[in-house]
Amino acid sequence: TYSKLPGTSNSIFSVMSQLAAEHNAINLSQGFPDYDCDPKLIEFVADAMKNGHNQYAPMAGIQSLRELVADKVNLQYGSNYHPDSEVTITAGGTQAIFTALTACIQAGDEVIIFEPAYDCYAPTIKMLGGLVKSYEMAPPDYTIDWEMVKKLFTASTKMIILNSPHNPTGTVLSAKDINALIKLTKGTDVLIMSDEVYEHLVYDGVKHNSLASYPELRDRTFIAASFGKLLHTTGWKAGYCIAPEQLMKEFRKIHQFNVFSVNTPMQVGIANYLKDPAVYLGLADFFQEKRDFFRSLLEQTKFKLLPCKGSYFQCVSYGHFSDEEDTVLAKRLITDFGVASIPVSAFYIRNTDHQVLRFCFAKRQDTLEKSVERLMKL
Ligand code: GLN
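Going by an unreviewed UniProt entry, the protein carries the name Aminotransferase and comes from Pedobacter cryoconitis. Its UniProt record, at the heading Sequence similarities (unreviewed entry), says of the protein: "Belongs to the class-I pyridoxal-phosphate-dependent aminotransferase family." Check the Cofactor (unreviewed entry) section of the UniProt entry for the protein; it says "pyridoxal 5'-phosphate".

Participant: So what exactly am I meant to see when it comes to the overall build of the protein here?
Facilitator: A count of helices and strands for the protein gives 15 helices and 13 strands. Taking 2.2 N^0.38 as the reference for a compact globule, 378 residues should give roughly 21 Å; the C-alpha atoms of the protein span a radius of gyration of 20 Å, in line with that estimate. Summarising its shape, the C-alpha atoms of the protein cover approximately 55 × 55 × 50 Å along the three principal directions. When burial is assessed residue by residue, the protein has 46% of its 378 residues classed as buried. Partitioning the contacts of the protein with sequence separation of at least 6, the portion at a separation of at least 24 is 73%.

Participant: Explanation requested: the site of the ligand in the structure shown.
Facilitator: In the neighbourhood of the ligand, the contacting residues comprise Ser11, Phe13, Gln30, Gly31, Thr94 and Asn167. Across the shell around the ligand, the residue classes tally to 1 nonpolar, 5 polar and no charged.

Participant: When you look at the packing of helix H2 (residues 39-50) against helix H11 (residues 264-273) in this model, what are you seeing that I'm missing?
Facilitator: Packed helices, taken two at a time, are described by the angle between their axes plus the distance between the axes. One way to put it is that H2 packs onto H11 with a least axis distance of 8 Å and a crossing angle of 130°. Our classification of the angle between H2 and H11 gives oblique. Remark: the crossing between H2 and H11 carries right-handed chirality. Only Pro265, Met266, Val268, Gly269, Asn272 and Tyr273 of H11 make contact with H2, whose side of the interface consists of Lys40, Leu41, Phe44, Val45, Ala48 and Met49.

Participant: Explain the UniProt feature "domain: Aminotransferase class I/classII large" (unreviewed entry) in the protein here, please?
Facilitator: Taking the UniProt record as the reference, the feature "domain: Aminotransferase class I/classII large" (unreviewed entry) is found at residues 25-375. Helix makes up 39% of residues 25-375 and strand 16%, and the two end C-alpha atoms of the span are 12 Å apart.

Participant: What's the story with the pairing of strand E3 (residues 110-115) in this structure? I'm lost.
Facilitator: Remark: a regular strand shows side chains that alternate across the two faces of the sheet. A large share of E3 lies buried, amounting to 6 of its 6 residues. Handedness of the crossover joining E3 and strand E4 (residues 131-136) through helix H5 (residues 121-127) is recorded here as right-handed. The pairing of E3 with strand E5 (residues 157-163) spans 3 bridges and is parallel. Bridge pairing in E5 places valine 111 opposite methionine 159.

Participant: For this particular structure, what's the right way to read unusual backbone geometry?
Facilitator: For residues that are not glycine, phi is negative in most cases, and the peptide bond is trans in most cases. Proline 140 follows proline 139 through a cis peptide bond whose omega is 5°. In this structure, proline 140 sits in the loop between E4 and helix H6 (146-150). The linkage connecting asparagine 167 with the following residue, proline 168, adopts the cis geometry, with an omega of 15°. The residue tyrosine 142 is not glycine, and still its phi comes out positive at about 50°. Following the sequence through the fold, tyrosine 142 ends up in the loop between E4 and H6. For histidine 232, which is not a glycine, the phi torsion comes out positive at approximately 60°. Note that histidine 232 resides in the loop between helix H9 (227-231) and strand E8 (239-242).

Participant: Any chance you could explain the environment of threonine 188 here in plain terms?
Facilitator: Looking at the element boundaries, threonine 188 is found in the loop between helix H7 (175-185) and strand E6 (191-195). C-alpha of threonine 188 to C-alpha of lysine 158: the two residues are 30 residues apart in sequence and 9.5 Å apart in space.

Thresholds applied
Residues numbered from 1 in each chain as written. Predicted model: local features only at pLDDT ≥ 70, side-chain atom pairs only at ≥ 80, totals over all residues. UniProt positions renumbered as here; feature names shortened; annotations may be inferred. Helix = DSSP H or I, 4+ residues; strand = E, 2+ residues; numbered from the N terminus. Rg over C-alpha atoms; globule rule 2.2 N^0.38 Å. Buried ≥ 20, exposed ≤ 12 C-beta atoms within 10 Å, placed from the backbone. Contact = placed C-beta atoms within 7 Å. Near = placed C-beta within 6 Å. Nonpolar A, V, L, I, M, F, W, Y, C, P; charged D, E, K, R; others polar. Axes fitted to C-alpha atoms, helices over the stretch in contact; angles between N-to-C directions. Parallel < 35°, antiparallel > 145°, perpendicular 65-115°, else oblique. Left-handed = near helix turned anticlockwise from the far one by under 90°. Right-handed = clockwise from strand over helix to strand, strands pointing away. Pairing = 2+ DSSP bridges.

Set out below in structure tokens:
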């Protein structure tokens, strides 16, 4: 067989979005806003095109955007990333993750992931000949017992993939979690991929602990981030990776032969737009209002709300009123009620159904209202 991923089909996000479209359902499945970005940002991109920024960008990304990213990260997290050698602009967060993994993982390497896990991690590891070692988190709190994580470590452990704020559960790693991670990896060569694409989306005064702010982890860590989440432009597929020079060197070897460079006018437009940090500083408040509103509406349904401290996803459980599998209920919500969600079992490799659904609340108020009106009929 020539298949690198036998048994893998279209991602749950594509499947549910397509099903939502077929049934004309409100799409709270795949995570993306249903409102437009700031028109000023679009003007900046259009200006970049009109001003002739239409040829290849430098392989690692345009200088002004890399500088801006380094300044932003260093200011926010007290780090010291260098824009020339430690920042690369990518075609979104997923590409940053894929490229980092491809740069480091060899056949037989073990990679620790935390499930429910974002769906690109495990297939990428497998495709590279690596072995997935899973730590399974469970509702309602999806906490991590680091003593149990320790048991997953072997001489072949190459990497550990973290994701905070977490998709789909909305948990946020605490300083205590990260200190446990520091202790666990100290004196080893274990690398870390830290997926922080929801870095700005944290609520109730909870702080996002970026791994960028821990000098002890700096030399072993790749961080993936997303302009799509920062600017409400998921369709632009732009993001970046930061990593220490020696890891970034390896990252760029792969990047240059895969995407080579990310589209120029978006980079120029984003760089000019982000010169004013005010454009993103209110992001947590903006989404907290949506979260609070959505949660208050959902209180009126039969669902039980799980905690949500970050990301733009709200999970609910329903085991107290139904024994349906989550994939079955998610489909029925689309066909019979006109609302699309994501069954959280899709984020586990083993058959693990805690009867939890994920809804995306990066939506207009009227969209959230209309969807909950429909869910009330359940
Ligand atoms: N990150 C998005 C989500 O979790 C999906 C992105 C994608 O479909 N590739 O919904």
